[in-house]
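# A look at the structure
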Amino acid sequence: MAFAPLVASFAGALLGFGATIWLWQCGDRARPDRLPLAIASLLAGTGCAVTAALGPESILDVPFIIARNLALFAAIFAMFSADGRAASLKPIRPLIITLVMVQLCQPLVLILELRATSVPALAQLAFEVRLLIDLLMAIGALMLLHNLYAGAAVASRYLLRWTVIGLSGIFAYDLNLATIAYLGGEYPPLLRDLRGLFAAVMGVLFALGVNPVGPRVQFSPSRAVTFRTLSLLLIGSYLALMFLVAKSLPLIGGDFARTAQVVFLMLAAGAAIMALPSPRLRAWLRVTATKHLFQHRYDYREEWLRFTRTIGRGGKHSASLEERAVKALADITESPAGLLLMPNEEAQLELTARWNWPTIAVPAIAGDHLLSALFEQHQIIIALDEARSGIDHHGETPHIPGWLADAEDVWAMVPLIHFDRLVGVVVLARPRIERRLDWEDFDLLRVAGQQLASYLSEQAGQQALMDASRFDDFNRRMAFVMHDIKNLASQLSLLAANAQKHADNPAFRADMLVTLRNSADKLSALLARLGRYGSNPMQDVRSIDLAELARSLAERFRPVHPVLLTRDESVHVMGNSEALEQTLVHLVQNAIDASDPEMPVCIDVSAEGLHGMIEVIDTGCGMSPEFVRSGLFKPFVSSKPGGFGIGAFEARELVKAMGGRVTVESREGLGTRFSVVLPLADAVRLLDGQNGNDPSKQEVA
């Protein structure tokens, strides 16, 4: 500790001389405060050098401190004049002159103090007068600096801030030092020894402020370090408060104090155990620190790295790309959950994936085509709180689905746009800490959404290429199969014709004929079905009674599984009876396979507008939204062991060829509803009549 004053003085001298050289060589020569600040730094460094040479007890450094203060007042006056406020110089000039004159009285008081060493009372009086002068100088300088910075323009504040900080630090240190010395009757050794070093450190700030390219030192700590530091400060403050309260309780006295102390410590420890791991507390701390300590809400480098890690975390047991896309976007805004809605062939939004949000009920059609068109046209991010309060930017409020507007935990809808085409919409849940979306959220979410849209589009393109390749291989194989079956059918037909001529046993002949003809019919039917792809989709279209077809299906499957008709009203639609029956047989068989043996499969027939609908409903295991979206109607993708994976695809294609559509609504653990929708026969006849076709040619099944 004996060497501490020497080290401090030596370091102060080096910093003071270094700041002087920097100000003289590299300082902005257009700044009028450059010269007085350089002189003040030189005097501060010289005073430290004198203290290092003569020891801290010497008072020969006081003249250098007086001269330094005069140079600092000259710098303050120069900054007032440089700010262009000529009117403000009129009341400032007398004040600065008065402070300078008072400061010039201090050498006389110092000489009186040195000569009055033999008279302790007079020496003490001179010492106190010198301290009062220091107090007046510090208070006056701080008032001038406050007026200077408070009245400066915004651009001037940026230029003055480092210099004002340095000057305020020097005079605030002198104010505290003189106050303590005046009250205590002598300088505190530690503060006196560090006075020169502190002034030299403030001289470094002068160098930063006068730098012509502006100060390069900015407060930019790592966000992770900041959050951890604040967490430690919070924990430390809590422990200190708990310690003080625990120590104060014994002052009450008596047996109650000891009991209260133990109870308080137990309650405080329990509260800490519950509160400190709280995600809400961590989120509040993060939001508060970001709001008050950083220029931007987001650390874009960290956000981009996390976004890339989330999207690139593939593998056999990892989540699907759709789920990872939702998570990547939700992590940006600290949202705890999210949904991904993607447009179907009719531009209606359907649920594709959900992340951490099993409770929200999403209808089969989550959004209409008008909402998709609005997202594509304006590429807007919808803040649901604004929409609920009636704020409408692009006419989006009427198109927001009711299930989203009614769900209070739904926070935002972010479109995923790829080359002006809507790939999907991510629905984000409300963060734990309530806040509003601002411009920075919109910019970052919009860019991240475009990146996610490119990833999803790339995956869809790769899947389409794989499907096309498999279809090509499948078509090549089926061409050989059709050729072989055609030859076999011809041979069987020829065999049947020869058997009629050469068989001696009439009974055998009749039996053989029946068998051969049945085989030929089956093979011909198979050929017709295999050759249907690519044929005219409207071939052999007639009116079909859905109720009659539903009753025949129920009778067909009732021996193997309970099948119920919930509604069987007569509804006539237009379609191909064979193709429709094949589609419904596939759907009913799948419903039976997914259901328990005692749970019935329901068939419902109804009319809705210009369409008839037949629904196949089961209460089986259900399907995930991901499988419904990306696997159910994809060829060669099957959930059954050994399945070929073209049944659902074929069913949808057959119904589409008849001018209808197949929709599905499924929930895991609850069941599945398949709906086959076809145009009503009367509506088709009316349309054909308007187009000049003869509706009388339509056959009735």
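Residues numbered from 1 in each chain as written. Predicted model: local features only at pLDDT ≥ 70, side-chain atom pairs only at ≥ 80, totals over all residues. Heavy atoms only, no water.

### So, the sheet that holds strand S12 (residues 671–679)
Strand order across the open sheet formed by five strands is S7-S9-S10-S12-S11, with mixed pairing between neighbours. Since the sheet does not close on itself, it has two edges, and those belong to strand S7 (563–568) and strand S11 (661–667), each with one partner. Going from strand to strand, the sheet's axes swing by 15° on average, the running direction of each strand aside. When S11 meets S12, the two strands line up antiparallel, connected through seven bridges. By the bridge assignment, Arg667 is partnered in S12 with Gly671. On the sheet, helix H20 (residues 546–557) packs against S7, strand S9 (601–608) and strand S10 (611–618) and is oriented at approximately 170° with respect to S7. Strands in contact with helix H21 (residues 577–594) are S9, S10 and S12; relative to S10, the strand with the most contacts, it is inclined by about 25°. (Pairing = 2+ DSSP bridges. Helix = DSSP H or I, 4+ residues; strand = E, 2+ residues; numbered from the N terminus. Axes fitted to C-alpha atoms, helices over the stretch in contact; angles between N-to-C directions. Contact = heavy atoms within 4.5 Å.)

### Some words on the pattern of salt bridges
According to the stated counting rule, one finds 16 salt bridges in the structure shown. With a closest N to O distance of 2.9 Å, Arg31 and Asp33 form a salt bridge. Note on accessibility: Arg31 and Asp33 belong to one class, buried. Note that Arg446 is salt-bridged to Asp443, the shortest N-O span being 3.7 Å. With Arg446 and Asp443 both in helix H18 (residues 439–502), this residue pair falls three residues apart, about one helical turn. Among the charged side chains, a salt-bridge network with shared partners connects Glu345, Arg652 and Lys656. (Salt bridge = Lys/Arg side-chain N within 4 Å of Asp/Glu carboxyl O. Buried < 20%, exposed > 50% of the residue type's maximum accessible area, 1.4 Å probe, protein only.)

### A few points about the packing of aromatic side chains
Applying the stated criterion to the full structure yields four aromatic pairs. Seen from their ring centres, Phe127 and Tyr187 are 5.5 Å apart, and the 90° between their planes marks the pair as edge-to-face. Of this pair, Phe127 sits in helix H6 (residues 120–150) while Tyr187 sits in the loop between helix H7 (154–184) and helix H8 (189–193), placing them 60 residues apart in sequence. Like Tyr187, Phe127 is buried. Over the ring of Trp24 we find Arg34; its NZ or CZ atom is 4.9 Å from the centre of that ring. (Phe/Tyr/Trp six-rings, centres within 6.5 Å; stacked < 30°, edge-to-face > 60°. Lys NZ or Arg CZ within 6 Å of the ring centre and 35° of its normal.)

### Digging into the environment of Arg309
Of note, Arg309 is situated in helix H13 (residues 300–312). Each C-alpha atom, one on Arg309 and one on Ala328, is 8.8 Å from the other, the two residues being 19 residues apart in sequence.

### A look at unusual backbone geometry
Positive phi outside glycine occurs at Glu334, with the angle close to 60°. Here Glu334 lies in the loop between helix H14 (321–332) and strand S1 (338–343). Judged by its relative accessible area of 37%, Glu334 is partly exposed.

### Some details on the packing of H13 against H14
For the pair H13 and H14, interaxial distance at closest approach is 9 Å and the crossing angle is 165°. One element, H13, and the other, H14, form an angle in the roughly antiparallel class. For H13 against H14, the interelement crossing comes out right-handed. Of the residues in H14, those touching H13 at Glu303, Arg306, Phe307, Thr310 and Ile311 are Leu321, Arg324, Ala325, Lys327, Ala328, Asp331 and Ile332. Of the residues in the contact of H13 with H14, the class split is six nonpolar, one polar and five charged. (Parallel < 35°, antiparallel > 145°, perpendicular 65-115°, else oblique. Left-handed = near helix turned anticlockwise from the far one by under 90°. Nonpolar A, V, L, I, M, F, W, Y, C, P; charged D, E, K, R; others polar.)

### Remarks on the sheet that holds strand S5 (residues 421–429)
Here five strands make up an open sheet; going across it, the order is S2-S1-S5-S4-S3 and the pairing antiparallel. The open sheet has two free edges, formed respectively by strand S2 (349–355) and strand S3 (382–383), since each of these has just one partner strand. Relative to S2, S1 is paired through six bridges, and the arrangement is antiparallel. Bridge pairing in S2 links Gly338 to Trp355. Along the sheet, H14 makes contact with S1, S2, strand S4 (410–418) and S5, crossing S2 at roughly 70°.

### Quick word on the confidence of the model for the protein
In this model, the protein carries a mean pLDDT of 78, and residues with pLDDT of at least 70 account for 72%. In this model residues 215–219 is a low-confidence stretch, pLDDT under 50, and it forms eight contacts with partners more than four residues away in sequence or in other chains. A low-confidence stretch, residues 695–701 stays under pLDDT 50, and its non-local contacts, those more than four residues away or across chains, total 13 contacts. (pLDDT = per-residue confidence, 0-100.)

### Re a nonpolar patch on the surface
Nonpolar side chains collect at one region of the surface, where Leu112, Val119, Leu122, Leu125 and Val129 lie side by side and expose about 370 Å² of accessible area between them. The leading source of residues in the nonpolar patch is H6, at three residues. With respect to the element layout, Leu112 can be found in helix H5 (residues 106–115). (Patch = residues over 30% accessible without salt bridge, like charges linked within 9 Å, V, L, I, M, F, W, Y side chains within 5 Å. Areas by Shrake-Rupley, 256 points an atom, 1.4 Å probe, with all protein chains shown as cover.)

### Examining H14
Helix length check: H14, at twelve residues, gives a terminal C-alpha distance of 17 Å against a target of 16 Å (1.5 Å per residue), a fit within 8%. Of all the twelve residues making up H14, ten are buried; the element is thus mostly covered by neighbouring parts of the structure. Immediately downstream of H14, the backbone of Glu334 shows phi near 60°, a positive value. (Expected span 1.5 Å × (residues − 1).)

### Quick notes on the environment of Ile614
Locating Ile614 in the fold gives a position in strand S10. For the pair Ile614 and Val677, spaced 63 residues apart in sequence, the C-alpha separation works out to 6.8 Å. With residues near it in sequence (within four places) discarded, Ile614 still touches Leu546, Ala550, Leu584, Ile603, Asp604, Val605, Phe674, Ser675 and Val676.

### Things to note about the nonpolar core
Leu37, Leu72, Ile76, Leu144 and Leu167 are the most contacted members of the largest nonpolar core, which has 38 residues in total. Every element with two or more residues in this core is listed here: helix H2 (34–54), helix H3 (62–82), helix H4 (86–104), H6, H7 and helix H9 (195–210). Sort the elements by how many residues they give to this core and H6 lands first, with eight residues. Dropping the residues within four chain positions of it, Leu167 is found in contact with Leu37, Leu72, Ile76, Met79, Leu145 and Phe206. Core analysis: the next-biggest nonpolar cluster, separate from the first, contains 36 residues, Leu549, Ile614, Leu632 and Val664 among them. (Core = buried A, V, L, I, M, F, W, Y, C linked by side-chain atoms within 4.5 Å.)

### Describing H9
An ideal rise of 1.5 Å per residue puts 22 Å on 16 residues; H9 measures up with 23 Å between its terminal C-alpha atoms. The set of residues buried in H9 consists of Arg195, Ala199, Ala200, Met202, Gly203, Leu205, Phe206, Ala207, Leu208, Gly209 and Val210.

### Some words on the packing of H20 against H21
In the contact formed by H20 and H21, the axes pass within 11 Å of each other and the chain directions differ by 45°. Here H20 is positioned oblique relative to H21, judged by the angle of their axes. Handedness of the crossing formed by H20 with H21: right-handed. Here Leu546, Leu549, Leu553, Arg556 and Phe557 of H20 come into contact with H21, specifically with Leu580, Glu581, Leu584, Val585, Val588, Gln589 and Ile592. Of the residues contributing to the contact of H20 with H21, the split by class is nine nonpolar, one polar and two charged.

### A short note on the side chain of Ser666
Here Ser666 lies in strand S11. Here the side chain of Ser666 touches Met623 through a polar contact of 2.7 Å, landing on its backbone nitrogen. A distance of 3.3 Å separates a polar atom in the side chain of Ser666 from the backbone oxygen of Gly671. Leaving out residues up to four positions away in the same chain, Ser666 has contacts with Gly622, Met623, Val628, Gly671 and Thr672. (Polar contact = N/O pair within 3.5 Å; in protein donor to acceptor, adjacent residues only side chain to side chain.)

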